[in-house]
Amino acid sequence: MFWFFFVFEFFRFFLIEITTLVLWKFTSFFRKTRIADARLTLLEKNPFVSIIVPGKNEGKHIYKLANSLKEQTYQNFELIVIDDGSDDATPEICRSLKKSGYIDTYLRNDVRGGKASAANLGLRYSRGQYIIHLDADCSYDRDAIENILVPFYYDLNIGAIGGNVQVRNYKDSLCATLQAIEYMDTISVGRIASSELGIYRVISGAFGAFKKEALDRLGGWDIGPGLDGDITVKIRKLGYKIHFEPSAVCQTSVPDTFKKLIKQRLRWDKSLIRFRLRKHRDVFYPNDSFRWSNFISFVENITYNLILNVKWYFYIFDMIINFGSQLFFILPMNILLYTVNNIIKFLVFSPFRDRKNETVSYFMIYLPLMVFYFGYFLRIVRTTAYVQELFFKASYKDNWNPAKSSAHAKALKL
């Protein structure tokens, strides 16, 4: 009766992840010397790094960001701020900060071109061997820049590295608290597992580091939404490894209302259809860039996020039709099963979270709500996004990008 949970979800999101995490922790002792050597090599070579910060109307955050970067343990970088057609005081703020020495380069698109356009402008003017992409409204641990660069010297085949994004405003609202738990599971611990398994697929735009040679070969970012996952796939297809670095910590503010969260997730979830099913469908075919790791990453992503998402509705329909008289037993037992799983998983995974904003006990009272957040709320939002993108290509009408940029992307099938 609960086969869906045991066959798919418990197996993938508990057994496989905990096994991978235990092996990762067990082998960490043997990696210590190699990591220390990589850090030493980084500090000896002291490569020049370009930090690019694209955005619109982000002027109010730039001083705090630039000031915090001055406290980083790694200092051989240039800070490039790209103003994507801001219509507030951002130009005056940035010009003043550049004059004061907080910003190295200030670039501006007089007409908004979208985040990818702004990031590519920054890439064009960058001089660093590595490019670090940041969001202006985030804050970073003092050793975050150094830590996100170390893996490049641990494994020379690594082409891009994702930072560990955590929720800063987790106390603002119930919506923010539930996202904090989600980020701890899927972005912090979950990405350690997916990175170890070789199927890590999204480097967050809030904190990601790239080899400049890789970005130059690709011509930079394509128009989004979903450009973070898209650039990650493109780098994987070049043959580079993608790595997640849990010690490179970034704090971000998430939507504090469910209305804002729905808008954000509708945008994010459409990218699975637009990029995984349409743009990068060649990952499934034998060709020069075919790699089993990319194939498995895509199959896992589409299976668990799309196919099983549809299957869940058939499962519910089957329950109602064939076990209608037992629903008063099945439904509470189903909720109890997922709640117990969420609590056990949160507790068991806790030792693998080196960096915590709060104690485990703080989040415990919210864990029973995660079954409704994950199992129902996000599932419905995800389904809506898939339908909108599958049948109406709604991502090209999203005002997150200027209409002319989206029209151009649609014409080029990006």
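Residues numbered from 1 in each chain as written. Predicted model: local features only at pLDDT ≥ 70, side-chain atom pairs only at ≥ 80, totals over all residues. Heavy atoms only, no water.

A. Seen up close, the pattern of salt bridges. Tallied over the entire structure, the rule returns 21 salt bridges. When the shortest N-O distance is used, the salt bridge between R39 and E146 registers 2.7 Å. Placement of R39 in helix α1 (residues 3–45) and of E146 in helix α5 (residues 144–154) is noted, with a sequence separation of 107 residues between them. Note on R39: relative accessible area 27%, which makes it partly exposed. Between R353 and D185 there is a salt bridge; the shortest N-O distance is 2.9 Å. Pair noted here: R353 is in the loop between α11 (327–349) and α12 (360–364) and D185 is in helix α6 (residues 174–197), with a separation of 168 residues, a long-range link. Judged by its relative accessible area of 3%, R353 falls in the buried class. Taking the relative accessible area as the measure of exposure, D185 reaches 11% and is therefore buried. Taken together, the shared-partner salt bridges connect R12, E17, R201, E300 and K345 into one network. (Salt bridge = Lys/Arg side-chain N within 4 Å of Asp/Glu carboxyl O. Helix = DSSP H or I, 4+ residues; strand = E, 2+ residues; numbered from the N terminus. Buried < 20%, exposed > 50% of the residue type's maximum accessible area, 1.4 Å probe, protein only.)

B. Structural context of the packing of aromatic side chains. Per the counting criterion, the structure on display carries 31 aromatic pairs. Seen from their ring centres, F290 and W292 are 5.2 Å apart, and the 80 degrees between their planes marks the pair as edge-to-face. F290 gets classed as partly exposed once you look at its relative accessible area, which sits at 23%. On the basis of relative accessibility, which here comes to 59%, the residue W292 falls in the exposed class. By the ring-pair criterion, three or more aromatic residues cluster together here, those being F5, F6, F10, F14, Y338 and F349. The side chain of K70 reaches across the aromatic face of Y102, ending 5.1 Å from its centre. In this structure, R276 is placed above the aromatic ring of F298, and the distance from its NZ or CZ to the ring centre is 4.8 Å. (Phe/Tyr/Trp six-rings, centres within 6.5 Å; stacked < 30°, edge-to-face > 60°. Lys NZ or Arg CZ within 6 Å of the ring centre and 35° of its normal.)

C. Highlighting the layout of surface pockets. Of the pockets and cavities examined, the second largest pocket occupies roughly 890 Å³. Along the walls of the second largest pocket sit 32 residues, with W24, R31, E196, H243 and E245 positioned nearest its centre. Each residue belonging to the lining of the second largest pocket can be placed in one class, and the counts come to eleven nonpolar, nine polar and twelve charged. (1 Å grid on protein atoms, 1.4 Å probe; cavity = no way out; pocket = protein on both sides within 12 Å on 5 of 7 lines; lining within 4 Å. Points joined across faces, edges and corners; volume = space filled by probe spheres on them. Nonpolar A, V, L, I, M, F, W, Y, C, P; charged D, E, K, R; others polar.)

D. Summary view of the packing of α1 against α6. Axis separation between α1 and α6 bottoms out at 9 Å; the angle between their running directions is 75 degrees. Between α1 and α6, the angle falls in the class roughly perpendicular. Between α1, through I16, E17, T20, L21 and W24, and α6, the contact on the second element is made entirely by V189, G190, I192, A193, E196 and L197. Its residues placed into classes, the contact of α1 with α6 shows seven nonpolar, two polar and two charged. (Axes fitted to C-alpha atoms, helices over the stretch in contact; angles between N-to-C directions. Parallel < 35°, antiparallel > 145°, perpendicular 65-115°, else oblique. Contact = heavy atoms within 4.5 Å.)

E. Here's a closer look at the sheet that holds strand β1 (residues 49–55). Across the sheet, eight strands lie side by side as β3-β2-β1-β4-β7-β6-β8-β5; this open sheet has mixed pairing. Looking at which strands have only one partner, the edges of the open sheet turn out to be β3 (105–109) and β5 (139–140). Bridge analysis of β1 against strand β4 (residues 130–134) gives four bridges, and the strand direction is parallel. Bridge pairing links S50 to I131 in β4. Contacting β1, β2 (77–84), β4 and β5, helix α2 (residues 59–69) runs over the sheet at an angle of about 170 degrees to β2. (Pairing = 2+ DSSP bridges.)

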